[in-house]
Amino acid sequence: MATAGVRAMAMRAATASAMPRVATRGFATEKQIAMRIVSTNNLKKITSSMKMVSSAKMQADVKRLEAVKPFNEFAKTLCGPPVLCEDLDVSEWPEKNLVVAVSSDKGLCGGVNSFVARNMKKINAKLAADGKSMKVVVWGEKGRSQVTNARRNARAHERS
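In what follows, the accompanying structure is described. (Residues numbered from 1 in each chain as written. Predicted model: local features only at pLDDT ≥ 70, side-chain atom pairs only at ≥ 80, totals over all residues. Heavy atoms only, no water.)

**A word on the overall build of the protein chain**
Scanning the protein chain for helices and strands turns up 4 helices and 2 strands. Secondary structure of the protein chain in N-to-C order comes out as α-α-β-α-β-α. For the protein chain, buried positions account for 13% of its 160 residues. Summarising the internal contacts of the protein chain: among those between residues at least 6 apart in sequence, 77% fall at separations of at least 24. Of the accessible surface of the protein chain, which amounts to about 13,700 Å², a share of 64% is contributed by carbon and sulfur atoms. (Helix = DSSP H or I, 4+ residues; strand = E, 2+ residues; numbered from the N terminus. Buried < 20%, exposed > 50% of the residue type's maximum accessible area, 1.4 Å probe, protein only. Contact = heavy atoms within 4.5 Å. Areas by Shrake-Rupley, 256 points an atom, 1.4 Å probe, with all protein chains shown as cover.)

Written out as structure tokens, the structure is:
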């Protein structure tokens, strides 16, 4: 009889471990609700301080932009009016060219840097179609890495 009792206990243990446990969720206690309210208020404070920091950074960037406007006018006298990269006519360019690409090292400017790298590739293709060559100087570390990676990939694609 003792073996039957042991067998029954073993069967109960085996079936209990084989059955999946379903999580039960009860109501939150007052302490948990109070902690969540404190946490939400802390997040609100952090968000408002981040807004103040970004506003200060934006004001500093606007001041720097205003300071650079005279240089922009000088650059227009050197280069002529600005032209979109898509509308660029390279037919009048000489055989050998140097293009200075300006990119940004600021955060969240990956789209700008990708745009610069992609258009350098398009300009190079237009020049190559006309039998002309181009060297690129990139101003900005993040843009430089994208342009060099694009050129490295193009060379690897030509070899294969």
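**Some thoughts on the pattern of salt bridges**
Enumeration according to the criterion identifies 4 salt bridges in this entry. Between Glu66 and Lys69 there is a salt bridge, with the nearest N and O atoms lying 3.5 Å from each other. One end of the pair, Glu66, and the other, Lys69, are both in helix α2 (residues 30-79), 3 residues apart, so they sit about a helical turn from each other. We classify Glu66 as partly exposed; its relative accessible area is 46%. With a closest N to O distance of 3.7 Å, Lys76 and Glu73 form a salt bridge. In this pair, Lys76 and Glu73 both sit in helix α2, 3 residues apart, roughly one turn of the helix. We classify Glu73 as partly exposed; its relative accessible area is 47%. (Salt bridge = Lys/Arg side-chain N within 4 Å of Asp/Glu carboxyl O.)

**Structural notes on helix α3 (residues 110-129)**
The terminal C-alpha atoms of α3, which comprises 20 residues, lie 29 Å apart, in line with the 28 Å expected from a rise of 1.5 Å per residue. Every buried residue of α3 is accounted for by Asn113, Val116, Ala117, Asn119, Met120, Ile123 and Leu127. Projection of α3 onto a plane perpendicular to its axis shows the buried side chains occupying an angular sector of 165 degrees, all on one side. More than 90 degrees from the buried face of α3, the exposed residues found are Gly111, Lys121, Ala128 and Ala129. Of the residues one or two after α3, Gly131 is the one with positive phi, at around 75 degrees. (Expected span 1.5 Å × (residues − 1). Arc of directions from axis to C-beta.)

**Quick notes on a nonpolar patch on the surface**
Among the surface-exposed residues, Leu98, Val100, Val102, Val137 and Trp139 lie close enough to one another that they form a single nonpolar patch of about 540 Å² accessible area. Residue assignment for the nonpolar patch shows that the elements contributing at least two residues are β1 (96-102) and β2 (133-139). Per-element tally for the nonpolar patch: the top contributor is β1, with 3 residues. By the element assignment, Val100 lies in strand β1. Given a relative accessible area of 51%, Val100 falls into the exposed group. (Patch = residues over 30% accessible without salt bridge, like charges linked within 9 Å, V, L, I, M, F, W, Y side chains within 5 Å.)

**Digging into the pairing of β2**
Burial along β2 is one-sided: the residues Met134, Val136 and Val138 are buried and none of Ser133, Lys135, Val137 and Trp139 is. Looking at chain direction, β1 and β2 are connected through 7 bridges and run parallel. Bridging from a neighbouring strand, Val102 pairs with Trp139 of β2. As for the winding sense of the linkage, the β-α-β connection from β1 through α3 to β2 is right-handed. (Pairing = 2+ DSSP bridges. Right-handed = clockwise from strand over helix to strand, strands pointing away.)

Read these as geometric descriptors, not functional statements.
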